[in-house]
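# Fold and geometry: a report
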Amino acid sequence: MATIKIKQVRSRIKCSKTEKLTLDSLGLSRLGLVRELPDNECTRGQIRKVAHLIEIVSE
């Protein structure tokens with residue numbers, strides 16, 4: 001199964017409540033944290049919601 005690595009690069013301080021909950025569900029709780037998640041439609045939708053706070057990490 002394909003996976004995506006994402007990294008939180010911007011602070012969540014001024015974000016809306018739904019964006020904070022989305023970051024929590026992605027497992028991103030602090031700056032610099034990298035998570036490897038399955039590449040599916042649900043994850044892609046969550047990434048689109050907080051795209052301004054994260055970046056895709058290439059290997």
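Note that the coordinates shown come from a computational prediction; the quantities given were computed from them, not determined experimentally.

The next subject is the sheet that holds strand β2 (residues 34–38). Hydrogen bonds between backbone atoms are what pair the strands of a sheet, whose relative direction is either parallel or antiparallel. The strand order across the open sheet formed by three strands is β2-β1-β3, and the pairing between neighbours is antiparallel. This sheet does not close on itself; its edge strands, each paired only once, are β2 and β3 (54–56). With direction set aside, neighbouring strand axes in the sheet form an average angle of 35 degrees. Relative to β2, strand β1 (residues 3–8) is paired through five bridges, and the arrangement is antiparallel. Across the sheet, the residue bridging to Thr-3 is Pro-38, located in β2. Where helix α2 (residues 41–49) meets the sheet, it contacts β1, β2 and β3, and its direction lies at approximately 20 degrees from that of β1.

Criteria and cut-off values
- Residues numbered from 1 in each chain as written.
- Predicted model: local features only at pLDDT ≥ 70, side-chain atom pairs only at ≥ 80, totals over all residues.
- Heavy atoms only, no water.
- Pairing = 2+ DSSP bridges.
- Helix = DSSP H or I, 4+ residues; strand = E, 2+ residues; numbered from the N terminus.
- Axes fitted to C-alpha atoms, helices over the stretch in contact; angles between N-to-C directions.
- Contact = heavy atoms within 4.5 Å.

All quantities given are derived from atomic positions and should not be read as evidence of function.
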